[in-house]
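Each chain, letter by letter, is given below.
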Amino acid sequence: MPFIYRQIQDAIFRTIDKPSFSGALPPLSNNAWLKIVDSTRSKDENERLEFLGDALMYATLGRELYKRIPDGDPSIYTETRAALHSNATFSRLAEKLDILGVSRNVLDALTRRTFGEGSSAPLKTRSEIKATGDLFETVIGAYYLEHGFERLCEWVAELYAPLITTAQKAYLEHKPAKKRRLNLTGLRQAEVGSLPKKSRFHPSPIRRGPSKPYAPLSGSVNSRLSAAARSPLNYNPETAYSKSETRVHRLDGAW
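Keep in mind that this is a model prediction, so the values were computed, not measured.

### Quick notes on the overall build of the chain
Here is step 1 of the chain: Counting its secondary structure elements, the chain contains eleven helices and two strands.
Here is step 2 of the chain: Start at the N end of the chain and walk to the C end: the helices and strands fall as α-α-α-α-α-α-α-α-α-β-α-α-β.
Here is step 3 of the chain: Residue burial in the chain is summarised as follows: out of 255 residues, 35% are buried.
Here is step 4 of the chain: Within the chain, contacts between residues separated by at least 24 positions form 71% of all contacts whose residues are at least 6 apart in sequence.
Here is step 5 of the chain: Looking at the chain as shown, the accessible area adds up to about 16,500 Å², and 55% of this sits on carbon and sulfur atoms.

### Brief notes about the packing of aromatic side chains
Here is step 1 of the chain: Across all of its chains, the model carries two aromatic pairs by this definition.
Here is step 2 of the chain: A ring pair is formed by Phe-136 and Trp-155, whose centres lie 6.3 Å apart and whose planes are at 40 degrees; its orientation type is tilted. Placement of the pair is Phe-136 in helix H7 (residues 126-147) and Trp-155 in helix H8 (residues 149-174), with a sequence separation of 19 residues. The residues Phe-136 and Trp-155 share a single accessibility class, namely buried.
Here is step 3 of the chain: Aromatic rings pair up to connect Phe-90, Phe-136 and Trp-155 into one cluster.
Here is step 4 of the chain: Of note, Arg-92 hangs over the ring of Phe-13, and the distance from its end group to the ring centre comes to 4.1 Å.

### Looking at the nonpolar core
Here is step 1 of the chain: Counting residues in each nonpolar core, the largest one holds 49 residues, and the members touching the most others are Trp-33, Leu-84, Leu-93, Phe-115, Phe-136 and Tyr-160.
Here is step 2 of the chain: Elements that contribute at least two residues to this core include exactly helix H1 (3-17), helix H2 (30-37), helix H3 (43-68), helix H4 (74-84), helix H5 (87-96), helix H6 (104-112), H7 and H8.
Here is step 3 of the chain: Sort the elements by how many residues they give to this core and H8 lands first, with ten residues.

### Quick notes on H3
Here is step 1 of the chain: Helix length check: H3, at 26 residues, gives a terminal C-alpha distance of 37 Å against a target of 38 Å (1.5 Å per residue), a fit within 8%.
Here is step 2 of the chain: Where the residues of H3 are buried, they touch H2, H4, H5, H7 and H8.

### Points about the pattern of salt bridges
Here is step 1 of the chain: The full count for this structure, using the stated rule, is six salt bridges.
Here is step 2 of the chain: Taking the shortest distance from any N to any O, the salt bridge between Glu-64 and Arg-68 comes out at 2.9 Å. With Glu-64 and Arg-68 both in helix H3, this residue pair falls four residues apart, about one helical turn.
Here is step 3 of the chain: Here Glu-64 falls in the buried class, since its relative accessible area comes to 5%.

### As for the packing of H1 against H8
Here is step 1 of the chain: In the contact formed by H1 and H8, the axes pass within 9 Å of each other and the chain directions differ by 145 degrees. In the crossing of H1 with H8, the sense of the turn from one axis to the other is right-handed. Between H1, through Phe-3, Ile-4, Gln-7, Ile-8, Ala-11, Ile-12, Thr-15 and Ile-16, and H8, the contact on the second element is made entirely by Pro-162, Leu-163, Thr-166, Ala-167, Ala-170, Tyr-171 and His-174.
Here is step 2 of the chain: Of the residues belonging to the contact of H1 with H8, the class tally is eleven nonpolar, four polar and no charged.

### Things to note about the side chain of Thr-138
Here is step 1 of the chain: Position of Thr-138 among the secondary structure elements: in helix H7.
Here is step 2 of the chain: Aside from chain neighbours lying at most four places away, what touches Thr-138 is Ile-36, Asn-46, Leu-49 and Glu-50.

### A short note on the packing of H7 against H8
Here is step 1 of the chain: Look at H7 against H8: their axes get within 7 Å of each other, and the N-to-C directions meet at 135 degrees. With respect to each other, H7 and H8 are oriented oblique. Residue-level inspection shows Phe-136, Ile-140, Tyr-143, Tyr-144 and His-147 of H7 in contact with H8, the latter providing Phe-149, Arg-151, Leu-152 and Trp-155.
Here is step 2 of the chain: In terms of residue class, the contact of H7 with H8 is made up of seven nonpolar, one polar and one charged.

### Some points on H2
Here is step 1 of the chain: Within H2, the full set of buried residues consists of Ala-32, Trp-33, Ile-36 and Val-37. What you see down the axis of H2 is that its buried residues fit within an arc of 125 degrees, all on one side.
Here is step 2 of the chain: Residues of H2 that are buried in the fold lie against H3, H6 and H7.

### Details of the environment of Tyr-5
Here is step 1 of the chain: Within the secondary structure, Tyr-5 is located in helix H1.
Here is step 2 of the chain: We classify Tyr-5 as buried; its relative accessible area is 16%.
Here is step 3 of the chain: For Tyr-5 and Arg-81, which are 76 residues apart along the polypeptide, the C-alpha to C-alpha distance reads 9.9 Å.
Here is step 4 of the chain: Look past the residues within four positions of Tyr-5 in its chain and what remains in contact with it is Ala-82, Ala-83 and Ser-86.

### With respect to the environment of Ala-167
Here is step 1 of the chain: Positionally, Ala-167 belongs in helix H8.
Here is step 2 of the chain: Sequence-wise, Ala-167 and Tyr-5 are 162 residues apart; in three dimensions their C-alpha atoms are separated by 9.6 Å.
Here is step 3 of the chain: If we skip the residues at most four places from it in the chain, Ala-167 touches Ile-8, Ile-12, Thr-80 and Leu-84.

Parameters and conventions
Residues numbered from 1 in each chain as written. Predicted model: local features only at pLDDT ≥ 70, side-chain atom pairs only at ≥ 80, totals over all residues. Heavy atoms only, no water. Helix = DSSP H or I, 4+ residues; strand = E, 2+ residues; numbered from the N terminus. Buried < 20%, exposed > 50% of the residue type's maximum accessible area, 1.4 Å probe, protein only. Contact = heavy atoms within 4.5 Å. Areas by Shrake-Rupley, 256 points an atom, 1.4 Å probe, with all protein chains shown as cover. Phe/Tyr/Trp six-rings, centres within 6.5 Å; stacked < 30°, edge-to-face > 60°. Lys NZ or Arg CZ within 6 Å of the ring centre and 35° of its normal. Core = buried A, V, L, I, M, F, W, Y, C linked by side-chain atoms within 4.5 Å. Expected span 1.5 Å × (residues − 1). Salt bridge = Lys/Arg side-chain N within 4 Å of Asp/Glu carboxyl O. Axes fitted to C-alpha atoms, helices over the stretch in contact; angles between N-to-C directions. Left-handed = near helix turned anticlockwise from the far one by under 90°. Nonpolar A, V, L, I, M, F, W, Y, C, P; charged D, E, K, R; others polar. Parallel < 35°, antiparallel > 145°, perpendicular 65-115°, else oblique. Arc of directions from axis to C-beta.

Next up, the structure:
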């Protein structure tokens, strides 16, 4: 688990655990709650709602982060949403939030699943945390079907406002430092100004000897030179060849 993710997640947990943090789960009809907790109901239907709720929370949190952090970059959006959208956060919220307008049977069934109204279980296993998080997403999906997307966004905005503030602060405190950009000479930008102007990014010119005229002579190259001399790896700049494979020598007579 990345270091910065752990820091953001821990900061969110501390905020949720504060006595001042309060809220309620989305207000569903009692009929919707009964369907969710009904053990005889098809498991596939709850999994469909879970999938829907997961996608909706991902979208609404992205929208809310974009609104509340107008000068943010993709990194802060990605890191904070990952922690805000985790099963661990959903599970902690589900344990803390109140459940409104439900029958005693529904409340008892949810309490047995450590869901709602202070039913926290600090020693939950990873699978138990996931089960509670999945149930939270199921509730979100059911709420969307009953009340629509905008009502869901309003609920998320109100509940998550302090959590987004906490996540943003934790990210800014623990974000990795950016590496300084290097220029072509391998010097830091801050050091460039201390260099003499003539030495800034101006490579030394390639020194070339004086050009010397060449003239072709007749004769087969293959009959005069060894195979090693003809190899491109043994190319001698003092020797050249014409397209007609005639031997070339310098006008001063040197081979």
